[in-house]
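# Report on the structure
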Amino acid sequence: MSPMLLLVAYGAALIIFSLAGGALTQRVAMTHTRTQLAMSLVSGLMLGVAFFHLLPHAILTLGIDHGLTTVMSWTMLGLIVMLLMLRMLHFHQPEFSAEAQVSCDHDHDHAHAHSLTLDDNHKPIIPPDVSWKGVLTGLTFHTFIDGVALGAALLSGSHGHEQQLLGFGVFLAILLHKPLDAMSIVALMKASETTTSAQTKANLLFAFVCPLGAVLFYFYATQLGTSAEVVIASALAFSAGAFVCIALSDLLPEVQFHSHDRVKLTAVFLLGILLAYGMANSTPDHKHTSPTDLSSGR
């Protein structure tokens, strides 16, 4: 399948899954355990995709002799930018289930990064430093970077099986993460007593941002000619840094504060890493063709 057809197929799937995640908030309450298991699996997958897919292809695109410093610089920049966004906007994965509050109280006295205190009527008390607008802004930026990563992945590597696996690995990590992000946005808006119409509009906006980022980067990079290699490699490296930051922002609070379900959470985390590793090593032939060769049909 051509990169363009893959882009269309992946974009459609991302929109559907994101809309479904936001819509489910109106009908289904995710339990604390299920949420943490999903987050651990996706975190492992994102780390694996960053280290086994994005970074190797970024280095191969530029060559290890002259491109390693450039790739590492863009990786660090991606991590720093995402960390600053997290600190300024406090946007990652608030959780609103009563189960989360009950199960966490016996483990630690600190505020849990993914749960909110409930009032006497079992409604979430939103901290003053958290707002649905900040969460929407931060996650929208995050998902746009995801789109850039997907577009860059589809333009990198050979035009055979390996390239499709690179794109699929990035796509799978985004696909599994998008519903959780959409649920966070809509759940926080619901807790803030916004209208159903506003929640629907925000969910629609968020659903289309990732495919938009992928399409914009894809068509931008294909017009660059010989300079496309540097741009694509930089985008892959920046995305790798962002993936690492997001994955660890989900994992570290659980490692620090949670003693329950640690075996299950660790197992699914490792499963995510193994899944990424398996996709990266499923073909014995790791030939690399430059993005300019891909765009020219060679």
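Quick note: structure is the one above.
This is a predicted model, so every value here is computed, not measured.

## Some points on the packing of helix H5 (residues 132–155) against helix H7 (residues 196–222)
As a packed pair, H5 and H7 sit with axes 7 Å apart at the nearest point and diverge in direction by 35°. Handedness of the H5/H7 crossing: right-handed. Along its contact with H5, which presents Leu136, Leu139, Thr140, Thr143, Phe144, Asp146, Gly147, Val148, Leu150, Gly151, Ala152 and Leu155, the element H7 presents Ala202, Phe206, Val209, Cys210, Gly213, Ala214, Leu216, Phe217, Tyr218, Ala221 and Thr222. Across the contact of H5 with H7, the residue classes tally to 16 nonpolar, six polar and one charged.

## Describing a nonpolar patch on the surface
A surface patch of nonpolar side chains, amounting to about 400 Å² of accessible area, comprises Met76, Ile80, Leu84 and Met88. Here isoleucine 80 shows up in helix H3 (residues 64–89).

## Notes on the nonpolar core
Of all hydrophobic cores here, the largest spans 55 residues; its most connected members are Val49, Leu150, Val170, Phe217, Ile232 and Phe243. The set of elements that each furnish at least two residues to this core consists of helix H1 (3–24), helix H2 (32–62), H3, H5, helix H6 (161–191), H7, helix H8 (228–257) and helix H9 (262–280). Looking at which element gives the most residues to this core, the answer is H8, with 15 residues. When neighbours within four sequence positions are excluded, phenylalanine 217 is seen to be in contact with Val148, Gly151, Ala152, Leu155, Val231, Ile232 and Ala235. With nine residues, the next largest nonpolar core counts Ala182, Ile185, Met189 and Phe206 among its residues.

Analysis parameters
- Residues numbered from 1 in each chain as written.
- Predicted model: local features only at pLDDT ≥ 70, side-chain atom pairs only at ≥ 80, totals over all residues.
- Heavy atoms only, no water.
- Axes fitted to C-alpha atoms, helices over the stretch in contact; angles between N-to-C directions.
- Helix = DSSP H or I, 4+ residues; strand = E, 2+ residues; numbered from the N terminus.
- Left-handed = near helix turned anticlockwise from the far one by under 90°.
- Contact = heavy atoms within 4.5 Å.
- Nonpolar A, V, L, I, M, F, W, Y, C, P; charged D, E, K, R; others polar.
- Patch = residues over 30% accessible without salt bridge, like charges linked within 9 Å, V, L, I, M, F, W, Y side chains within 5 Å.
- Areas by Shrake-Rupley, 256 points an atom, 1.4 Å probe, with all protein chains shown as cover.
- Salt bridge = Lys/Arg side-chain N within 4 Å of Asp/Glu carboxyl O.
- Core = buried A, V, L, I, M, F, W, Y, C linked by side-chain atoms within 4.5 Å.
- Buried < 20%, exposed > 50% of the residue type's maximum accessible area, 1.4 Å probe, protein only.

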